[in-house]
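Spelled out from the first residue to the last, the chains are:
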Amino acid sequence: MSTLSPVPATLGACDAAAPNGSRRSGRLRTAAAALGAGSLLAALGAAPASAASAPTGLYTGMGTCPLSSSALQDPNNGAVGCVVAVVNGGSFTIGSHVVTIPASSPVTTKFGVYWPNNGPTATFPDGNSTEIFSTVAPTDGKELTAAPLDVPIPGIANFWPGVTSAITQIELAGPITDFAPLAAGESYPVFKLPIKLHLENAFLGPNCYVGSNSAPIVLQPTTGTTTPPPPNKPITGDPGSINFNNDPNGFSDAIVGFTGATLVDNSLSVPGANGCGPLGAFNWIVNLLFGLPSAAGNNTVTFTGVNTTLAVDTDIKDLTGAIAASEQ
């Protein structure tokens, strides 16, 4: 079974010289370490106030990892971890309509992960395999954050954002599931991401969505090659480079960085609009303008410049101590 182990080396994800499985061999091996914590006091006026410290270095962005959650604290876990992923560009194509995700508006996901002893795995045709992790939302509940996008309305010149366009917010429509970090480079989804698109426009009202919690747009992007229904044709992502690092303070977790990846999915379907206008009276207008609902085989999502950091350990105390030791 492929696993993540602390390796003090940098590995290109497409290194043909490495034998199959050698990059992913062995179980996640770590040792226990003391639980650490830190805080910083600052004086404001006459009374001291506590300023929260934050993880730095390899653990940057992991301050809201749900380390104390019951799921990550479960002694039956074989591995636990924290994930920060940033999408630095890409596009969302619905039929013939393309929405660009500019580099100036990154999409960030943060969550904790756990894999029970003898938990689920996936095996690939080349003989490699990966654990499939379950996820836990971060302590602040912000599992996905994204800047709003200004999406032109088809057929209308966009000169007044929010009136001649729809300000579109990507929102979660459920938890991220089936996180498979070692599927990088394989034709297998790295995760499942249910989303909904919140369209804000002066005429559509505040509750206009494409997708919903009960009927989400489900993204299953891969760094490998897709197998979409027609008329879409297979497209291929890019795993980028993979870096393995040991903890700089002597803890036993592994910190794995996936840098510059491209994730693609062109098998998704997109449902019709809901909640647009009074009592949904304008749903049909949104559907007509954007060609909704749009069946699988007509839509594509591409995420580019994806940088992901995974800190993973077999001991939650050791992982907690490692992140605490990095705080400043």
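Remember, it's a predicted structure, so these values are computed and weren't measured experimentally.

## Focus: helix H2 (residues 283-290)
Working step 1: Of all the residues in H2, the buried ones are Asn-283, Val-286, Asn-287 and Phe-290. For H2, the buried positions fall inside an angular range of 100° around the axis, keeping them on one side. Opposite its buried face, H2 presents the exposed residues Trp-284 and Leu-288, each directed more than 90 degrees away.
Working step 2: At the C-terminal side of H2, Gly-291 shows a positive phi close to 70°.

## Description of the confidence of the model for the chain
Working step 1: Looking at the chain, pLDDT values average 84 and 80% of them are 70 or higher.
Working step 2: The low-confidence segment residues 1-50 (pLDDT under 50) makes 118 contacts with residues lying over four places distant or belonging to another chain.

## Quick word on the packing of aromatic side chains
Working step 1: Within this structure, the stated rule accounts for three aromatic pairs.
Working step 2: Seen from their ring centres, Phe-111 and Phe-179 are 5.5 Å apart, and the 85° between their planes marks the pair as edge-to-face. Taken together, the residues span a long stretch of sequence, with Phe-111 in strand S7 (residues 107-116) and Phe-179 in the loop between strand S13 (165-172) and strand S14 (193-201) at a distance of 68 residues. A single burial state applies to Phe-111 and to Phe-179, both of which are buried.
Working step 3: Between Phe-124 and Tyr-188, the ring centres sit 5.5 Å apart and the planes meet at 65°, which makes this aromatic pair edge-to-face. Highlighted residues: Phe-124 in the loop between strand S8 (121-123) and strand S9 (129-131) and Tyr-188 in the loop between S13 and S14, separated in sequence by 64 residues.
Working step 4: The side chain of Lys-196 reaches across the aromatic face of Tyr-209, ending 5.2 Å from its centre.

## Description of the state of the cysteines
Working step 1: For the coordinates displayed, the defined rule picks out two disulfides.
Working step 2: The partner cysteine of Cys-65 in its disulfide is Cys-82, sulfur to sulfur 2.0 Å. Handedness here is read from the sign of the S-S torsion; for Cys-65 and Cys-82, about -85°, the answer is left-handed. Here Cys-65, found in the loop between strand S3 (47-51) and helix H1 (70-73), pairs with Cys-82, found in strand S4 (residues 77-87); they are 17 residues apart in sequence, far enough to count as distant. The pair Cys-65 / Cys-82 is uniform in exposure class, with both members buried.
Working step 3: The partner cysteine of Cys-208 in its disulfide is Cys-276, sulfur to sulfur 1.9 Å. Measuring the twist about the S-S bond at about 70°, one finds the Cys-208-Cys-276 disulfide to be right-handed.

Conventions used here
- Residues numbered from 1 in each chain as written.
- Predicted model: local features only at pLDDT ≥ 70, side-chain atom pairs only at ≥ 80, totals over all residues.
- Heavy atoms only, no water.
- Buried < 20%, exposed > 50% of the residue type's maximum accessible area, 1.4 Å probe, protein only.
- Helix = DSSP H or I, 4+ residues; strand = E, 2+ residues; numbered from the N terminus.
- Arc of directions from axis to C-beta.
- pLDDT = per-residue confidence, 0-100.
- Contact = heavy atoms within 4.5 Å.
- Phe/Tyr/Trp six-rings, centres within 6.5 Å; stacked < 30°, edge-to-face > 60°.
- Lys NZ or Arg CZ within 6 Å of the ring centre and 35° of its normal.
- Disulfide = S-S within 2.5 Å.

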